[in-house]
Each structure stands twice: as C-alpha cells, then as structure tokens.
Amino acid sequence: MEKEKCRVQIMEEFLTGNQYSEVEDDVFIATKNAYNSCLNLLWIEEKLNIVSGNFYEWEKEIKDSYDFLIGTQSNRSDCDIIMNEYGTKDIIVLNRRLFNVLNSVRMYRDQILHDLSNFDSELKVQFERETNQQYDKTFSYQIMELFRNYMQHQGLVIDRITVIIPFNRESGEKLLYFAEANYKYVENIEKFKQKIKLQPQTTGKIEWINLIGLLREYYIQILELHKFFREITEEIYSKAVKRIEDTVKGVYGTCAVSEIAFYGKQNTEELQDFLLQMTYLNRLNSYRKKDVTLDNSQYYIT
C-alpha cells in the first residue's frame with residue numbers, strides 16, 4: 001500500500017474540484033520551519049514598531065504641549081492658572097508616554113533574547129554582548145534602564161516642565177522645552193550607584209536633568225541594536241526565505257499565490273497542518289530592506 005504523502009493546496013485548487021499537489025515529508029518540515037523562523041523575525045520587527053510608535057507619541061506630546069503653552073501665553077489674568085493646570089496634567093501624561101517607551105523596549109529585547117535562544121544560543125550571547133556595550137556607552141542608556149525599573153515598581157520620574165516662551169510666541173530652531181527629573185532625588189534611587197557608571201556631561205552642579213535629549217539618544221541606541229540583530233540573523237533570514245520560495249516555485253512555478261494550505265500527518269508532531277501566508281513574508285522582506293533610522297518627519301526640533 002502506498003504511503004500517504006503530505007499535500008499542498010491553494011484556494012483556487014480547492015474551488016475547482018479539490019485539486020492538490022503532493023510534497024515529500026522533508027520538504028514539508030523544512031518549509032514549515034522556515035516559515036516559523038520568518039514569523040519570529042517578523043514579530044520582532046513589529047515589536048520595534050511598537051517601540052518607535054511609543055517614542056514618536058512622546059515626541060508628539062512634547063510638541064503639542066509646547067505649542068499649547070506658546071499659544072496660551074497672553075496678558076489675560078487667568079493665563080498663569082490655565083498654564084499651571086495644563087502643565088500639572090501634562091506631567092502625568094509625559095510620565096505615561098515615557099514609561100510606554102521604556103516598557104516596550106524591555107518587551108522588544110526580551111522577545112529577541114527568547115527567539116535567539118531558539119535559533120542559536122551563540123546568537124543570543126552575541127546580542128547580549130552588544131546590549132552590554134550599548135549600555136556602557138552612554139549615561140542616557142543607563143539612566144533610562146534605571147528609570148524603567150523604578151517606574152515599574154515605585155514611582156514617576158518627571159517632576160516638572162520648564163518652558164521658555166519666545167517674545168514672538170513662535171517655535172524656533174531650538175526646542176525651549178524641558179521635561180525634567182530632580183537629579184538629587186534620582187541619585188537616591190535604589191541601585192543608582194551600582195547601575196549608573198557614567199555621569200551627564202555638564203560643567204556645573206546638577207539639580208535637574210532634561211529627559212528629552214536623553215530619551216532620544218537612548219532610542220537611537222535601540223535602533224543600533226536592531227541593526228545588529230538584523231546582521232546576526234541575516235543568514236537565518238536568507239535561508240528561510242529561499243526555502244519557502246523554492247517550495248512555492250517547485251509546486252506552482254511562476255504562478256502568483258497568496259496563501260498555501262499545507263496538510264501533513266496528524267499522528268506526527270513535525271507534520272501538523274499549517275497555513276503559509278505570503279503577505280507575512282512580503283512584509284518581512286519589506287522591513288529588512290528598509291534601514292532603521294530616526295524618522296525626521298516625526299522628530300521634533302532639537
């Protein structure tokens with residue numbers, strides 16, 4: 001009796017008499033593993049998108065706040081009351097925006113470490129080494145990591161907003177807006193001396209630190225980490241994409257397909273059914289071809 005083979009089928013075949021093609025077990029398994037690898041790589045790209053989205057929401061909040069305060073400044077008797085009430089509320093909003101960025105960075109890194117350990121434990125070691133090097137490079141990286149832990153378990157870090165309003169009440173080339181943390185208080189956060197190896201560059205005694213520039217530098221370092229991640233997973237990515245393309249071409253030639261159902265053998269774990277969706281592969285290819293850089297169109301003035 002002939003042994004049952006794995007099958008593949010696209011929707012057009014299903015609708016025209018339930019036709020299908022057969023594939024060998026090793027092709028089925030290799031394609032499934034390649035597709036899962038591509039999905040893992042894609043989800044990491046999407047996690048970076050969450051980090052970026054949160055960062056640019058923080059930037060937009062700064063712009064909206066600055067523009068509101070400039071536009072509200074007037075000779076009205078209640079001007080100070082309006083601005084103080086707005087500033088008090090916006091301090092809470094900015095703390096929330098900041099935490100969203102920092103927490104999503106942690107989620108992003110955890111996902112990478114989890115997936116790299118499944119790909120190749122040596123790749124995980126390389127990424128951890130690069131992460132440590134980024135940490136050691138700047139005060140920004142170190143203080144943001146400290147803030148994430150502090151905000152998750154204890155309190156908020158932005159204590160005040162300082163705004164310098166130009167005489168013409170218009171935004172200039174420089175951002176005269178400061179989201180500040182009390183540095184004396186920050187120095188008393190648990191494990192500060194253990195975690196902070198560098199000090200902010202300044203010529204005088206530090207009382208307040210502006211988090212806007214610090215978070216920007218930290219975010220740019222996360223982008224550098226992502227570039228490194230792509231470099232060390234390039235071989236995995238290239239081989240997985242080629243395996244999928246070879247399988248599709250071997251069955252359907254140059255015919256354009258969007259989804260392929262793979263039917264395996266229910267009594268074998270490696271041969272469980274799965275649906276290959278080319279839209280995910282196309283999205284991954286698009287991400288990997290695009291460089292990750294600071295989006296100047298969303299980046300507020302310096």
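Our structure's up above, just so we're on the same page.
Residues numbered from 1 in each chain as written. Predicted model: local features only at pLDDT ≥ 70, side-chain atom pairs only at ≥ 80, totals over all residues. Heavy atoms only, no water.

Novice: When you look at the side chain of Glu 130 in this model, what are you seeing that I'm missing?
Specialist: Here Glu 130 lies in helix H4 (residues 121-137). One buried charged side chain, Glu 130, makes no salt bridge at all; its nearest oppositely charged neighbour is Lys 137, positioned 6.1 Å away. Look past the residues within four positions of Glu 130 in its chain and what remains in contact with it is Leu 225 and Phe 228. (Helix = DSSP H or I, 4+ residues; strand = E, 2+ residues; numbered from the N terminus. Buried < 20%, exposed > 50% of the residue type's maximum accessible area, 1.4 Å probe, protein only. Lys, Arg positive; Asp, Glu negative; His and termini not counted. Salt bridge = Lys/Arg side-chain N within 4 Å of Asp/Glu carboxyl O. Contact = heavy atoms within 4.5 Å.)

Novice: So what exactly am I meant to see when it comes to the pairing of strand S4 (residues 177-182) here?
Specialist: In regular strands, side chains alternate between the two faces of the sheet. Sheet topology places strand S3 (residues 160-163) next to S4; 4 bridges connect them, and they run antiparallel. Bridge pairing links Arg 160 to Glu 180 in S4. Bridging between S4 and strand S5 (residues 208-210) involves 3 bridges; their strand directions are antiparallel. Each bridged residue has a counterpart across the sheet, and for Glu 180 the counterpart in S5 is Asn 210. (Pairing = 2+ DSSP bridges.)

Novice: I would appreciate a short explanation of the nonpolar core in the present structure.
Specialist: Counting 86 residues, the largest nonpolar core has Trp 58, Leu 98, Ile 143, Met 144, Phe 147 and Leu 211 as the members making the most contacts within it. Ranked by the residues each element gives to this core, the list is headed by helix H2 (residues 25-72), at 17 residues. (Core = buried A, V, L, I, M, F, W, Y, C linked by side-chain atoms within 4.5 Å.)

Novice: Looking at this structure, how should I read the pattern of salt bridges?
Specialist: Opposite charge on two side chains permits them to pair, given that their charged atoms come into close proximity. In total, this model carries 17 salt bridges according to the counting rule given. Glu 57 is paired through a salt bridge with Arg 97; the nearest N and O atoms lie 3.4 Å apart. One end of the pair, Glu 57, is in helix H2; the other, Arg 97, is in helix H3 (residues 79-119), with 40 residues separating them in the sequence. Overall, the relative accessible area of 38% leaves Glu 57 in the partly exposed class. Linking Glu 145 and Arg 109 is a salt bridge whose minimum nitrogen-to-oxygen distance equals 2.8 Å. Placement of Glu 145 in helix H5 (residues 139-153) and of Arg 109 in helix H3 is noted, with a sequence separation of 36 residues between them. Pair check on accessibility: Glu 145 and Arg 109 agree, each one buried.

Novice: Explain the sheet that holds strand S6 (residues 259-263) to me, please; I cannot follow it from the model alone.
Specialist: Reading across from one edge, S2-S1-S6-S7 is the order of the 4 strands in this open sheet, with antiparallel pairing throughout. In this open sheet, the two strands that pair with only one neighbour each are strand S2 (21-23) and strand S7 (274-277). Averaged over all adjacent pairs, the angle separating strand axes in this sheet is 30°, with direction ignored. As defined by bridge partners, strand S1 (residues 6-9) adjoins S2 across 3 bridges and the pair is classed as antiparallel. Note that in S2 the partner of Val 8 across the bridge is Ser 21. (Axes fitted to C-alpha atoms, helices over the stretch in contact; angles between N-to-C directions.)

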